[in-house]
Every structure is written in C-alpha cells, then in structure tokens.
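# Residue-level structural notes
As a plain string of letters, each chain reads:
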Amino acid sequence: MSHHLVVRVVSKLLIPFILLFGLYVQFHGDFGPGGGFQAGVIFAAGFILYALVYGLDNAKRIIPEKYIRAGVALGLLIFAGTGVASLLMGGNYLDYSVLAEEAPKGQHLGIFVVEFGVGLTVASVMIVIFFAFAGRDHQIDEKEE
Amino acid sequence: MVLTVLLIIRLHNLFAIVMLSGIFSLLAATFFVVVDGVDVAFTEAAVGAGISTVLMLGALMLCGRTEKIPDRKTVLPLLVAVVTGAALVYGTLDMPYYGDPEAPIHQHVAPRYINDSLAETSVPNMVTAVLASYRGYDTLGEVAVIFTAGIGVLVLLSRIKLGRRKEDEDAA
C-alpha cells in the first residue's frame, strides 16, 4: 500500500474531516439530523479508512484493540446505566425527567448521555468487526487495493 | 438502482457484485435524501456503501473471486421467494398512500410528538427525542443487538485465529 501516493494524501486530508463530521453528527444530533447510530458508523468508517490505507498495525497502535473491546460494552453500559440512574433518582427506568431539576432539562441530559452510549457502542462494534475480519489474513492490507 | 440489481443477479464475478452492491447503497442513500430521511441516508452511505463493502472484500479474500455455479437448478427456492414477495405486495395493498394525512400512523401518537416533544424534552430534533426518550426501550434493545453482534463476531473469528496459530506452531 506504500506506493499509492494519491490515496494516502487524499485520505490523510479527508480523515480528520470525516472524524470531525462524525463528532458533529453525534453532539449536534439534538438539533440537526443524526444521532448516536449515524455518528458511530461515520466515525468508524473514517477510522476503517485509516486502517485500510495505513495498515492494520498502525491503526491498532492508535487505538489498542482492548480499548475498543471495552468501548463495545461501555456504550451499552452507559445506556443501561442512565436507566438505572433514573431509577435511583426516583423515576421510572429510562425516564430522564428526574435527572435534573426541571423535566425538559433532565430529558435533554438523558438523551445526550444515551446517544453518546449508542455512538460509542456502534463505532466500537464496527471497528471490532473490521479488525476481526482484517486480522484473519495479514495480506489484506496489500492485496485489497 | 434497478440496473445494479439486475447486474448483481446476472454476474458471477463476486468482486464486481460487491462493488455493485456498494453502488446500490449509494443510490439508495440518495433516494433516502430525496424522501427527507437524511439520517437514514447517513447510515446507508456509511454502512452500506462503506463498511459493509470493506467487510465483503475482506470476506472475498478468504473465499475467492468467482461464484460457484450450482450444478442443478432448484425451483423450490424461487417458488418460495415469489410466493413470499407476492404475499408482501398483497399486504401493501391495504396500506394508506405515502404521505396520506389520514393514515393511522399520523393519528395516534404522532401529533403529541410534533406538538409537545420540544416542550417535554427541550430537544429540537423530534427524531432524536422519539428515538432516545419516548422509545428509549426500543433503542436500548437495538444497542443490545449491535452489542451482541459485535461480541458474536469477536468470539467466532478470534477463536478461529487462535486455532490457526496453534496449527501453525504444530506445523513448524
């Protein structure tokens, strides 16, 4: 893959913007189109592009695999934990109204946290699946392009 | 879109088929933009055209580039597909027209979402409000499904890798 100069340069230019767009979709999901699911896949797509161009080993050096595996579970835990938190604060499960003094604020906070959990799990799962597929055959980095 | 589907059916070169299905996903994404489903279009473009194409290519590495032509023609699968498709199309005959304001879906809870969701959740994006708050349980279930899928792939493929390494060591 080292000889594909155009691909390397173009993707180097694009990847920051893809990742930034993923974050934008994640945290601006309350106001514009998007949310955790979309943000997760966009972020993962940017990262997978990096892994394709610069090789699996470099990608694994940026985010070690164990952190991504932890992210898979952590996202779901954040989502379910928000529900438990609202239980502890006297509401129903996943009833965010009790998370802040005023119900709408609590709802906003709850939605924000929950979407973050969704995004984390989706992005981690996509990257984990990609690593699992690509890691089976080390030639994939060179052969594919 | 129809052209890509026909080509996918006709071709036997799996590499071309994977590329065509990526193109199909891109076209589907533009279609979703046309019907104002921008967030669905995001997902379709990123997952359908991007990630799943990459994963399919990864799978192609393992199984070769051309499709095996089956030695006998089977009528039963075709029959099942046609009957199922016909039943589904028959089911759509009862459905209200797209965008019909009298449709049941616009009568039940949708007015409440449209009128009250901003006041109740202070989130301007109604889709996000419904997805994360009103339908929180559904979304939790979806995330659990994705989580399970990821864990499943991890368990299946990691184990194969481990087994292989052992065989390599034995061979060496």
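Before reading further, recall that the structure is shown in the block above.
Here the residue numbers are simple positions, counted from 1 along each chain's written sequence. Chain letters start at A and ligand numbers start at 1, both assigned in the order the entries are written. pLDDT decides what is reported in this predicted model: residues at 70 or higher carry local features, side-chain atom pairs at 80 or more are listed and counted, and totals for whole chains, interfaces and linings draw on all residues regardless. Processing note: side-chain calculations cover all non-hydrogen atoms of the structure and skip hydrogens and water entirely.

In this section: the overall build of chain B. Numbering goes from the N terminus for both helices and strands, where a helix is a DSSP run of H or I of at least four residues and a strand is a run of E of at least two. Helix and strand counts for chain B stand at seven helices and zero strands. Relative to its 172 residues, chain B shows a buried fraction of 24%. Restricting to contacts in chain B with at least 6 residues of sequence separation, those with at least 24 account for 38%. The accessible surface values rely on the Shrake-Rupley method and a 1.4 Å probe; as for residues, cover is taken only from the protein chains in view. Only carbon and sulfur atoms are counted for the fraction: they give 69% of the accessible area of chain B, which is about 12,000 Å². Throughout this description, buried means an accessible area under 20% of the type-specific maximum (1.4 Å probe, protein chains only), exposed means over 50%, and partly exposed covers the range between. Whether two residues are in contact is decided by their heavy atoms: any pair within 4.5 Å suffices.

In this section: the overall build of chain A. When you go through chain A residue by residue, the secondary structure sums to six helices and zero strands. Traced from its N-terminal end to its C-terminal end, chain A shows the element sequence α-α-α-α-α-α. When the 145 residues of chain A are sorted by exposure, 48% land in the buried category. Residue pairs in contact within chain A that sit at least 24 positions apart in sequence constitute 60% of those at least 6 positions apart. When the accessible surface of chain A is split by element, carbon and sulfur atoms take 70% of a total near 6,800 Å².

Distance thresholds for patches are 9 Å for like charges and 5 Å for nonpolar side chains (Val, Leu, Ile, Met, Phe, Trp, Tyr), applied to residues having over 30% relative accessible area and no salt bridge. When a carboxyl oxygen of Asp or Glu lies within 4 Å of a side-chain nitrogen of Lys or Arg, that pair is called a salt bridge. A contiguous nonpolar patch, built from Met1, Ile23, Leu27, Phe31, Val34, Val35 and Tyr98 of chain B and spanning about 710 Å² of accessible area, is present on the exposed surface. Position of Ile23 of chain B relative to the elements: it lies in helix α2 (residues 14-34).

Attention shifts here to the interface of chain B and chain A. Facing the 45 residues of chain B at the interface are 49 residues of chain A. What gets called buried area is simply the loss in accessible area from a 1.4 Å probe that two parts show on being joined, summed for both. Of the roughly 4,200 Å² buried where chain B meets chain A, counting both sides, 77% is carbon and sulfur surface. The largest per-residue losses of area from chain B upon contact with chain A belong to Phe42, Ile51 and Met61 of chain B, which jointly make up 14% of the total buried on that side. Remark: the boundary between chain B and chain A carries zero salt bridges. For the purposes of these results, a polar contact is taken to be a pair of N or O atoms within 3.5 Å, where, inside protein, one atom must be able to donate a hydrogen and its partner to accept one; residues adjacent in sequence count only when each atom of the pair is a side-chain atom. Linking chain B with chain A are three residue pairs in polar contact (both at pLDDT 80 or more), by the criterion used here. Mapped by element, the contributors of at least two residues to the side of chain B that touches chain A are α3 (38-63), α5 (110-121), α6 (126-134) and α7 (136-171) of chain B.

With that settled, the discussion passes to the pattern of salt bridges. Residues and elements named next belong to chain A. In this structure the tally under the stated criterion is two salt bridges over all chains. A salt bridge links Lys60 to Glu65; the shortest N-O distance between them is 3.7 Å. In this structure, Glu65 and Arg69 form a salt bridge, with 3.5 Å as the shortest nitrogen-oxygen distance. In this pair, Glu65 and Arg69 are both assigned in helix α4 (residues 65-88), four residues apart and thus about one turn of the helix distant. Arg69 sits in the partly exposed class, given a relative accessible area of 38%. Through salt bridges with shared partners, one network takes in Lys60, Glu65 and Arg69.

Let us now look at the nonpolar core. Formed by 44 residues in total, the largest nonpolar core has its most connected members in Phe79, Tyr96, Val118, Phe130 and Phe131 of chain A. Secondary-structure elements contributing two or more residues to this core are α2 (36-54), α3 (56-62), α4 and α5 (103-134) of chain A together with α3 and α7 of chain B. Ranked by residues supplied to this core, first place goes to α5 of chain A with 13 residues. Domain segmentation is taken from an automatic or database assignment of domains. Here this core spans two domains, since at least three of its residues come from each of domain 1 (1-67) and domain 2 (109-172) of chain B. Not counting residues up to four positions away in its chain, the partners in contact with Phe79 of chain A are Leu94, Tyr96, Val114 and Val118 of chain A together with Gly136, Thr139, Leu140 and Val143 of chain B. What is meant by a nonpolar core is a set of buried Ala, Val, Leu, Ile, Met, Phe, Trp, Tyr and Cys residues, joined one to another through side-chain atoms within 4.5 Å.

All names here are of chain B. Note on geometry: axes are lines fitted to C-alpha atoms, helical ones only across the stretch in contact, with angles between N-to-C directions running from 0 to 180 degrees. Following both chains from N to C, one finds helix α1 (residues 2-10) and α2 inclined at 160°, their axes separated by 9 Å at the closest point. Put simply, α1 runs roughly antiparallel to α2. Pair α1 / α2 crosses with left-handed handedness. Residue-level inspection shows Thr4, Val5, Leu7 and Ile8 of α1 in contact with α2, the latter providing Ile17, Leu20, Ser21, Ile23, Phe24 and Leu27. Oblique is the label for every angle not falling under 35 degrees (roughly parallel), over 145 degrees (roughly antiparallel), or within 65 to 115 degrees (roughly perpendicular). Each crossing gets its hand from how the near helix is turned against the far one by less than a right angle, where anticlockwise is left-handed and clockwise is right-handed.

Here a cavity is any set of points on a 1 Å grid over the protein atoms alone where a 1.4 Å probe fits but cannot get out, and a pocket is any open set with protein on both sides within 12 Å along at least 5 of 7 lines; a residue lines the site when it has an atom within 4 Å of a point. Grid points are joined across faces, edges and corners, and a volume is the space filled by probe spheres set on the points. In this structure, the second largest pocket encloses a volume near 550 Å³. Around the second largest pocket, the lining is made up of 23 residues, and of these Leu49 and Leu52 of chain A together with Ala49, Gly50 and Val54 of chain B lie nearest the centre. Here the lining of the second largest pocket takes seven residues from α3 of chain B, the largest share from any one element. Each residue receives one of three labels: charged for Asp, Glu, Lys and Arg, nonpolar for Ala, Val, Leu, Ile, Met, Phe, Trp, Tyr, Cys and Pro, and polar for the others, Gly being one of them. Split into classes, the residues belonging to the lining of the second largest pocket amount to 17 nonpolar, four polar and two charged.

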